[in-house]
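Chain by chain, the residues:
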Amino acid sequence: MFRHRKCSKMHIFALILLALSAKSVAGDNEVIRMKGIEVPDQQAITSNASLKCLFELGPTATLYSVKWYKDGAEFYRYLPGVTPPAQAFSLPGVTVDLAHSDAHQVILQSLQSASSGVYECEVSTEAPFFHTVSEEALLTVTASSTAGGPRIWGLRGLYTEGDIVDANCTSPPSKPVSNITWYMNDKKVPQEWLVKFGKYTTKYPINDKEFVDLDVATVGLRLPASHTTFPKRVLKLRCMAQLGDQQWQLQRWTFLINHQVPHRGNFKKSRAAKHQPTSLLPLVLMVILFCC
């Protein structure tokens, strides 16, 4: 025989609150939905950037505010119930174009190095829901000099078997630092033949009055001169510097010869080498390649 358990008023009230809470949680996704934000991964210094906040409100929801943050600090607020609705706050490296910014888009003007950071869009609804959604993305401001591409230095024109090819490639000044890749005969140079020297910072003018700190990197190349590294006695070297979508590259040729290049104090060996037959093919190739 089963006995019915009496429910007190407190139990009934708790059950009602639980049901309403469950309904509210289930309906949150229908109140507002964050579709994502559009923030450029990389943007050139002194240019403008468009930051977009993509969201959808449910049929019963009312927008209360859209706020933008950089590295946790608020720099833009849009309140549709206030006149004017858009408001900007001072922040280093952040200049908002209020005339062209609204609830879904913020325009940043004249980006600087300090503009790099994590940008977050936060959207909130009015009562009775007071629901908030947010999303963030990283923006990196890039800068590069107009002085040209990478520079190869230390490379000789002629090598003999057993020599060490010792050369360095220096990237053009940029922010962030450019990535350097060495190629030999159109293939990436193995890591064991590379020497990374790190980077240093230099001042570079972006206009008549302003300077920006740009980074320069150098990667060295140390490989043995042999018939393997010099197929057909020719070694084609190429250094590529890459910064985002930008690429600069420079290539050089060097040659493998049979006899050693004479040094001072070794006149007997130099004189004897004159009587040894040598192939003129590498020298002819060198002249043709450098003249073309």
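Here, the structure is the one placed above.
Residues numbered from 1 in each chain as written. Predicted model: local features only at pLDDT ≥ 70, side-chain atom pairs only at ≥ 80, totals over all residues. Heavy atoms only, no water.

Student: Any chance you could break down the nonpolar core for me, citing the residues and the numbers?
Tutor: Core analysis: the biggest nonpolar cluster contains 35 residues, and V66, W68, F75, L108 and V123 have the highest contact counts within it. When contributions to this core are tallied by element, the ones reaching two or more residues are β1 (32-38), β3 (49-57), β4 (63-70), β5 (73-78), β7 (105-108), β8 (117-125), β9 (132-144) and β17 (211-224). Ranked by size, the runner-up nonpolar core spans 20 residues in total, among them A167, I180, L221 and L237. (Core = buried A, V, L, I, M, F, W, Y, C linked by side-chain atoms within 4.5 Å. Buried < 20%, exposed > 50% of the residue type's maximum accessible area, 1.4 Å probe, protein only. Helix = DSSP H or I, 4+ residues; strand = E, 2+ residues; numbered from the N terminus.)

Student: Run through the sheet that holds β3, naming residues and quoting values.
Tutor: Read from one edge of the open sheet, three strands run β1-β3-β7, paired in antiparallel fashion. One side of each edge strand has no neighbouring strand; the edge strands of this open sheet are β1 and β7. In this sheet, neighbouring strand axes are inclined to one another by 15° on average, regardless of whether the strands run parallel or antiparallel. The sheet contact formed by β3 and β7 spans four bridges and is antiparallel. Bridge assignment links K52 to a residue of β7, and that residue is Q105. (Pairing = 2+ DSSP bridges. Axes fitted to C-alpha atoms, helices over the stretch in contact; angles between N-to-C directions.)

Student: Can you tell me about the pairing of strand β12 (residues 164-170), naming the residues and giving the values?
Tutor: Across the seven residues that make up β12, a large majority, five, are buried. Note: strand β10 (residues 151-153) against β12, three bridges, orientation antiparallel. Bridging from a neighbouring strand, W153 pairs with N168 of β12. Pairing analysis gives seven bridges linking β12 to β17, with the strands arranged antiparallel. Counterpart to I164 in the pairing with β17 is P224.

Student: An account of the layout of surface pockets is needed here, citing residue identities and associated values.
Tutor: The computed volume of the largest pocket comes to approximately 260 Å³. Together, 16 residues line the largest pocket, and N179, I180, T181, K196 and V219 are the ones closest to its centre. Residue assignment for the lining of the largest pocket shows that the elements contributing at least two residues are β14 (179-184), β16 (194-205) and β17. For the lining of the largest pocket, the class distribution of residues is seven nonpolar, six polar and three charged. (1 Å grid on protein atoms, 1.4 Å probe; cavity = no way out; pocket = protein on both sides within 12 Å on 5 of 7 lines; lining within 4 Å. Points joined across faces, edges and corners; volume = space filled by probe spheres on them. Nonpolar A, V, L, I, M, F, W, Y, C, P; charged D, E, K, R; others polar.)

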